[in-house]
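# Coordinate analysis (summary)
The lines below spell out each chain.
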Amino acid sequence: MTARDELIQAAASLESKGQQTFSPAELIAEARRRGARYPDSTLRTQITSGLRTDQGIAARGQGLVRVDRGEYRLDSAGASTAPPVRRPRIPTPRADLPPPPEDAAHRYWFWEGNVQDAVVRMLTADGWSIVRVADTRTKEAGVDVEARRGHEHLLIEVKGYPSTIYSSGPKKGQPKPTGTATQARTYFAGALLTGMLMRSGNPDARVVLAFPAFSTFETLAGRILDPATRAGLEVWLVTESGEVRGAHTP
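These numbers were taken from a predicted model, which means no experiment stands behind them. (Residues numbered from 1 in each chain as written. Predicted model: local features only at pLDDT ≥ 70, side-chain atom pairs only at ≥ 80, totals over all residues. Heavy atoms only, no water.)

## A word on the packing of aromatic side chains
Per the counting criterion, the structure on display carries 9 aromatic pairs. With 5.8 Å between their ring centres and 85° between their planes, Trp109 and Phe110 make a pair best called edge-to-face. Per residue, the accessibility class of Trp109 equals that of Phe110, and both read buried. A ring pair is formed by Phe188 and Phe217, whose centres lie 6.4 Å apart and whose planes are at 25°; its orientation type is stacked. (Phe/Tyr/Trp six-rings, centres within 6.5 Å; stacked < 30°, edge-to-face > 60°. Buried < 20%, exposed > 50% of the residue type's maximum accessible area, 1.4 Å probe, protein only.)

## Observations regarding the pairing of strand β2 (residues 71–75)
Within β2, 5 of the 5 residues are buried, which leaves the element mostly enclosed by the surrounding structure. Where strand β1 (residues 63–68) and β2 come together, 5 bridges link them in antiparallel fashion. Bridge pairing in β2 links Asp68 to Glu71. Counting the residues in the hairpin turn of β1 and β2 gives 2 residues, including Gly70, whose phi is positive at 70°. (Helix = DSSP H or I, 4+ residues; strand = E, 2+ residues; numbered from the N terminus. Pairing = 2+ DSSP bridges.)

## Some details on the nonpolar core
In terms of nonpolar packing, the biggest core is built from 25 residues, with Phe110, Tyr161, Phe188, Phe211, Phe214 and Phe217 touching the most fellow members. Going through the elements one at a time, α5 (180–201), β6 (206–212), α6 (215–223) and β7 (233–238) are the ones with two or more residues in this core. Looking at this core, the element that brings in the most residues is α5, giving 4 residues. Setting aside residues no more than four positions away along its own chain, Phe188 makes contact with Phe211, Phe217, Leu220, Ala221 and Ile224. Judged by nonpolar contacts, the second largest core, of 17 residues, contains Val115, Ala147, Leu154 and Val208. (Core = buried A, V, L, I, M, F, W, Y, C linked by side-chain atoms within 4.5 Å. Contact = heavy atoms within 4.5 Å.)

Quick look at the structure:
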């Protein structure tokens, strides 16, 4: 059984118990109770991206609808005609603001996990099968996104845009001594090294570096475009609206 099937059955199970909406954590817990063995990161990505009928990714009546931030419902035959609950929109923060308190950094569109989700949504809509999605919240090591489509194999290294203060560790909440543009250059360099290592270990795969569309990343991507292309690396830029620029089949 696929991860999609297990999540749909888990959602139906929760609905049968009278629970009309549920968080990803609740849905994953129900899927686990029913025997699901897929990684949490895979299940979470399917919930937030692959199963979304309100974004046209999944067929109507065969997926999930987001009714609020972190809250979903089953898009069943009866529920699909009901309008989603409208809540006040949270303004998009500027890039120079510190991250939100505690674990709410995912509210920023340029956070690594949100950039990763946008890439996965685009791939799913374009017919790719998602093999792996790393858990950015726990800083899981390894390939950030791995996908396959027919004989094509895709490996993606994802980066977010840095904040002005430390979001974790002993210095959490304290300002960083280095400006965000300088930090972003370090992020870019690290992604470039990772991409080269992935290319070396996977000569038959397409290797992609994905960044939020900030001027620092755009400028650096333009400067290394020719040598990166010769090395077999692609660079994708993800906008605030979730558009993935530079994504194409060679």
